[in-house]
Amino acid sequence: MKQVKFMLDEDRIPTHWYNILSDLPEPMAPSLNPQTGEPVGPDDLAAIFPMELIMQEVSDQREIEIPEEVQQYYRQWRPSPLHRAYQLEKALDTPAHIYYKYEGCSPVGSHKLNTAIAQAYYNREAGIKHLITETGAGQWGTALSLAGAAMGIDVKVFMVNVSYNQKPYRRAMIETYGGEVIASPSNQTEAGRNILAEHPDSSGSLGIAISEAVEVARMRDDANYSLGSVLNHVMLHQTVIGKEALLQMEMAGEYPDVVIGCSGGGSNFAGISFPFIGEKLRDGKKTRIIAVEPTSCPTLTKGTYAYDFGDVAGLTPMMKMHTLGHGFVPESIHAGGLRYHGMSPIVSHLHELGQIEAQAFAQNTCFEAGVQFARAEGIVPAPESTHAIRSAINEALRCKAEGRSEVILFNLSGHGHLDMQAYMDFNAGLLEDHEYEVDEVKSALADLPSV
Ligand SMILES: Cc1ncc(COP(=O)(O)O)c(C=O)c1O
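Our subject in this report is the structure included herewith. Predicted, not measured: the structure shown is a model, and the values here were computed from it. (Residues numbered from 1 in each chain as written. Predicted model: local features only at pLDDT ≥ 70, side-chain atom pairs only at ≥ 80, totals over all residues. Heavy atoms only, no water.)

### A word on the pairing of strand β11 (residues 288-294)
No. 1: For β11, a buried count of six out of seven residues is recorded, marking the element as mostly surrounded by other parts of the structure.
No. 2: As paired elements, strand β10 (residues 258-262) and β11 share five bridges and run parallel to each other. Counted as the bridge partner of Ile-260 is Ile-290 from β11.
No. 3: Handedness of the crossover is the feature at issue here: the chain leaves β10, passes through helix α12 (residues 267-283), returns alongside β11, and the resulting connection is right-handed.
No. 4: Where β11 meets strand β14 (residues 357-361), five bridges bridge the pair, whose relative direction is parallel. Looking at β14, one finds that Val-292 is bridged to Gln-359. (Buried < 20%, exposed > 50% of the residue type's maximum accessible area, 1.4 Å probe, protein only. Helix = DSSP H or I, 4+ residues; strand = E, 2+ residues; numbered from the N terminus. Pairing = 2+ DSSP bridges. Right-handed = clockwise from strand over helix to strand, strands pointing away.)

If you want it as structure tokens, here you go:
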């Protein structure tokens, strides 16, 4: 018998997160205050984030201790299993060894709970009673609602309009955990009303929903904003994925030649890859690291590396990142979590440093890969995760053509059990492929803040 799942005992769940800032060969460009153009300091962020998270944002400590209470919560779904994809390898007839880390076994169905529980914890410790956020596909909103229930915090979620309509069961799940869901753009905020005045049928975007959430969070002292991706502290919390994977690959007696993750704001990609990039930076390992995005929102592959806002209304600090312009509204693809105009500044920085590669695929070829994976391995992946699977299958087929048995590791960031409308549309041949609109991006890039 061959071992399929590599499982760690609960007492091997990481006790510390890995902070890649400590190993960077060149520091990141600072985020800038949108009013003054000066680097943001802790006070600029204190209106919407607790101080512990602000300090994590800029820490240069390599290992940051995970609070005991968060470690205890992690035990409800961590360690997540590492699978060897024997059945997929057989289906592809490839000499490559394919492994996947399965984050869909968390109660909410994705990696998002790894940071949601930590963020809710630090907010509760700071006396916060309300958390406001946005959600793309609904995975993040679900995760923060559960984390809010765990920590006794009310959660309000602005859900991107297209996903609000595509994914009613995500809405129901958020409400079941006690969260409130509002379709974005909404009439509850100035940012939302401005968009609706110009585009009454707006499909929404993560950039719009972030503006709404930040606006509401600023209104009360006992309310904060919470972001499910992009920022350094979110990337940090997700490194439990890669830290476990390092131990599990060791159990399997292998080391990956290629590490792959899909990338919306960058958090699950960072989670699986940063601990491996750390080994590259410190020990000179040669691992290839690949971030995968949709062709309809190709931030890393086609975006500009420049200062931009994280949201449409320009309420957030300006961050140096790969961006398609904060006003860019991507096509309504089913991978709602990948529809973000920007990319995590730290992932962008690593791309500029040549530490990571980026690939973009259209949604039909990703769903084809997702279906092939489901038929072989049994798990129906989230539409976002199918992008990582597309890349992993392509790499495995390259290995077959070249007769090489490379080791490929990818992050299966979530299951797609609440995304079945997407699979129904794909199975019925109704999905359209979208290339990004050059003209729209051009006009959105014309609005980049001058720095
Ligand atoms: C299952 C899943 N994977 C990936 C993503 C993309 O986000 P990130 O790039 O932050 O991991 C999302 C976002 O909603 C998601 O739900």
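Back to the write-up after that little detour.
### Notes on the site of the ligand
No. 1: If you check the shell around the ligand, you find 17 residues, and the closest are Ser-229, Gly-264, Ser-267, Asn-268 and Ser-413.
No. 2: When isolated, the ligand has an accessible area of 390 Å², and the protein chains bury 98% of it.
No. 3: Of the residues assigned to the shell around the ligand, the class counts are three nonpolar, 12 polar and two charged. (Near = heavy atom within 4 Å. Areas by Shrake-Rupley, 256 points an atom, 1.4 Å probe, with all protein chains shown as cover. Nonpolar A, V, L, I, M, F, W, Y, C, P; charged D, E, K, R; others polar.)

### With respect to the pattern of salt bridges
No. 1: Counting across every chain of the model gives 21 salt bridges.
No. 2: Two residues, Arg-282 and Asp-23, come together in a salt bridge whose shortest N-O distance is 2.7 Å. One end of the pair, Arg-282, is in helix α12; the other, Asp-23, is in the loop between β2 (16-18) and α1 (42-45), and 259 residues separate them in sequence.
No. 3: Looking at Arg-282, the relative accessible area reads 36%, which means it is partly exposed.
No. 4: As a salt-bridge pair, Lys-101 and Glu-244 come within 2.7 Å of each other at their nearest N and O atoms. (Salt bridge = Lys/Arg side-chain N within 4 Å of Asp/Glu carboxyl O.)

### A few points about unusual backbone geometry
No. 1: The step from Arg-78 to Pro-79 runs through a cis peptide bond, and the omega angle for that step is -5°.
No. 2: By the secondary structure assignment, Pro-79 is in the loop between α3 (68-74) and β4 (82-84).
No. 3: Of note, the bond from Ser-184 into Pro-185 is cis; its omega dihedral lies within 30 degrees of zero at 5°.
No. 4: Positive phi, close to 50°, is recorded for Asp-93, a residue that is not glycine.
No. 5: As for its placement among the helices and strands, Asp-93 is situated in the loop between α4 (86-92) and β5 (97-102).
No. 6: Phi angles above zero are rare outside glycine, and Val-230 is one such case at about 70°.
No. 7: With respect to the helices and strands, Val-230 occurs in the loop between β9 (223-225) and α11 (232-252).
No. 8: On the accessibility criterion, Val-230 (3% relative accessible area) is buried.

In short, geometric facts, not functional conclusions.
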